[in-house]
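Chain by chain, the residues:
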2 protein chains.
Amino acid sequence: MVVVFLKKFIFVKKNTKMLINELAKRTGITAHTIRFYEKSGLIKGKRDETIKSNNYFHYDEETVEKLELIIDAKAIGYTINEISELIDAWYSNKFSKDEKLAFLDEKLVSLDQKIKDLKEMKKLISQYKEDVLDDKC
Amino acid sequence: MVVVFLKKFIFVKKNTKMLINELAKRTGITAHTIRFYEKSGLIKGKRDETIKSNNYFHYDEETVEKLELIIDAKAIGYTINEISELIDAWYSNKFSKDEKLAFLDEKLVSLDQKIKDLKEMKKLISQYKEDVLDDKC
DNA sequence: TACAACCAAAGAGTGTAGTCTATGGTTGTA
DNA sequence: TACAACCATAGACTACACTCTTTGGTTGTA
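A brief look at the structure comes next. It should be emphasised that the depicted structure is a prediction, and the values quoted were computed from it without experimental measurement.

Criteria and thresholds
- Residues numbered from 1 in each chain as written.
- Chains lettered and ligands numbered in written order.
- Predicted model: local features only at pLDDT ≥ 70, side-chain atom pairs only at ≥ 80, totals over all residues.
- Heavy atoms only, no water.
- Near = heavy atom within 4 Å.
- Polar contact = N/O pair within 3.5 Å; in protein donor to acceptor, adjacent residues only side chain to side chain.
- Helix = DSSP H or I, 4+ residues; strand = E, 2+ residues; numbered from the N terminus.
- Nonpolar A, V, L, I, M, F, W, Y, C, P; charged D, E, K, R; others polar.
- 1 Å grid on protein atoms, 1.4 Å probe; cavity = no way out; pocket = protein on both sides within 12 Å on 5 of 7 lines; lining within 4 Å.
- Points joined across faces, edges and corners; volume = space filled by probe spheres on them.
- Contact = heavy atoms within 4.5 Å.
- Buried area = accessible area lost by both parts, 1.4 Å probe.
- Salt bridge = Lys/Arg side-chain N within 4 Å of Asp/Glu carboxyl O.
- Axes fitted to C-alpha atoms, helices over the stretch in contact; angles between N-to-C directions.
- Parallel < 35°, antiparallel > 145°, perpendicular 65-115°, else oblique.
- Left-handed = near helix turned anticlockwise from the far one by under 90°.
- Least-squares fit on C-alpha atoms with pLDDT ≥ 70 in both.
- Buried < 20%, exposed > 50% of the residue type's maximum accessible area, 1.4 Å probe, protein only.

Attention shifts here to the protein's contact with DNA strand C. Close contacts around DNA strand C come from 18 residues, with Ser53 and Asn54 of chain A together with Asn21, Arg35 and Arg47 of chain B the closest. Across the atoms of DNA strand C situated within 4 Å of the protein, the share located in sugar and phosphate is 75%. Contact between DNA strand C and Thr33 of chain A: a phosphate oxygen at 3.4 Å from a side-chain N or O atom of the residue. Tyr37 of chain A is positioned such that a nitrogen or oxygen atom in its side chain is 3.2 Å from a phosphate oxygen of DNA strand C. Within the residue set of the surface near DNA strand C, elements represented by two or more residues are helix H3 (31–39) of chain A together with helix H2 (20–27) of chain B. Residue classes in the surface near DNA strand C are distributed as eight nonpolar, seven polar and three charged.

So this is what it looks like as structure tokens:
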């Protein structure tokens, strides 16, 4: 995740005219799924008005970042809708610093809760293992 | 969650003739969803052969336990199919002692992996929080 | 006996997150 | 110029986990 954001400041935008397949190769997300994300409003390609022969979408480095963010956010358990909000928070200036921090804190709390639940489950399974070993069930 | 398993040994089976609505009240799961779980093979009601006028399902305390287990397991992120396996391992005699232990060990490993993933995500979010605090994005 | 509350079964509908197919046009290389 | 590889759009299809509706029968209480 952090890598994604560091890139934002280190990378020079060398490629602002990627087509969908290049995007797919760069991110490992299929073109189909990228179109699905575009339809869902997570990313947005641009059309080149000067080109009349086709209406291909062009994507830039920021889109690659966003897709990498999507991969990470999905891994944490964000839904597409939440990721949409997240991208808004990240890339638009709709949210204040405090709002961004609150957003992240909220996710930290829910992660802690999940970890607590998993540990509880571990304890339980261990207990049950003992019962199995003692032929209690 | 632990409570569920302690119950298994402490509780006397005082109610073996619950109908679906009582089950729903006891667990907070709707009758609809309970029927869905029954159709999915997670729980199993019994029919009273001596009653000819209806074919209502009757449930016992073990079903309540199972439903409570389902609630907890879902909260941790188990799918219905996984919970089905889990319940088999718990309540059936389909599996040998060694198989049960292997199953439980497998669950412990996957829980550890999940916890590791969540901790990694926490670290990433914390790092990003710092970036926000430092106005780096 | 009227009637509300309950029961089962079948199947349709919902939301999420894709995944695939079909169609038809475009681009680049031999 | 043939043709593979690419592109967009629309819409069908999938899996998961419900959720609701319909239909028709049963039970309990006033």
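Here the focus is the layout of surface pockets. Residues and elements named next belong to chain B. Each pocket or cavity is described by its volume, and for the largest pocket that value is around 270 Å³. If you go around the largest pocket, you meet 15 residues; those closest to its centre are Gly41, Leu42, Ile43, Lys44 and Lys66. At the level of elements, helix H4 (61–76) and helix H5 (80–91) are the ones that each hand at least two residues to the lining of the largest pocket. With four residues, H5 is the single largest residue contributor to the lining of the largest pocket. When the residues that make up the lining of the largest pocket are grouped by side-chain class, the tally is four nonpolar, four polar and seven charged.

The next thing to look at is the interface of chain B and chain A. The interface is formed by 37 residues belonging to chain B together with 37 residues belonging to chain A. With both chains or domains summed, chain B and chain A bury close to 3,900 Å², and 78% of this area falls on carbon and sulfur atoms. The largest per-residue losses of area from chain B upon contact with chain A belong to Leu118, Ile125 and Tyr128 of chain B, which jointly make up 17% of the total buried on that side. On the surface where chain B and chain A come into contact, there are four salt bridges. For Lys122 of chain A, the salt bridge goes to Asp112 of chain B, with nearest N and O atoms at 2.7 Å. Here chain B and chain A share six residue pairs in polar contact (both at pLDDT 80 or more) between them. At 24 residues, the largest contribution of residues to the side of chain B that touches chain A is made by helix H6 (residues 97–133) of chain B.

Attention shifts here to the packing of H4 of chain B against H5 of chain B. Residue and element names in this part refer to chain B. Packing of H4 against H5 brings their axes to within 11 Å, and their N-to-C directions diverge by 140°. Compared by their axis directions, H4 and H5 come out oblique. Along this stretch, H4 crosses H5, giving a crossing that reads as right-handed. On the side of H4, the interface is formed by Glu62, Glu65, Lys66, Leu69, Ile70, Ala73 and Lys74, while H5 contributes Ile83, Leu86, Ile87, Trp90 and Tyr91. For the contact of H4 with H5, the per-class residue count stands at eight nonpolar, no polar and four charged.

Moving on, we get to the relation of the copies chain B and chain A. Of the transformation superimposing chain B on chain A, the axial component is 0.6 Å and the angular component is 178°, with the fit at an RMSD of 1.4 Å. The operation mapping one copy onto its partner corresponds to a two-fold rotation axis. It is Ile115 of chain B whose C-alpha, among those of chain B, lies nearest the rotation axis, at 3.2 Å. Both copies present the same face, since 89% of the interface residues in chain B are matched by interface residues at the equivalent positions in chain A.

As enumerated under the stated definition, the model contains 14 salt bridges over all chains in all. The partner of Lys129 of chain A in a salt bridge is Asp105 of chain B, with the nearest N and O atoms 2.7 Å apart. With one member in each of two chains, Lys129 of chain A in helix H6 (residues 97–133) and Asp105 of chain B in helix H6 form a pair that bridges those chains. Notably, a salt bridge pairs Arg26 of chain B with Glu61 of chain B, separated by 2.9 Å at the nearest N-O pair. One end of the pair, Arg26 of chain B, is in helix H2; the other, Glu61 of chain B, is in helix H4, and 35 residues separate them in sequence. The partly exposed category is assigned to Arg26 of chain B, whose relative accessible area is 34%.

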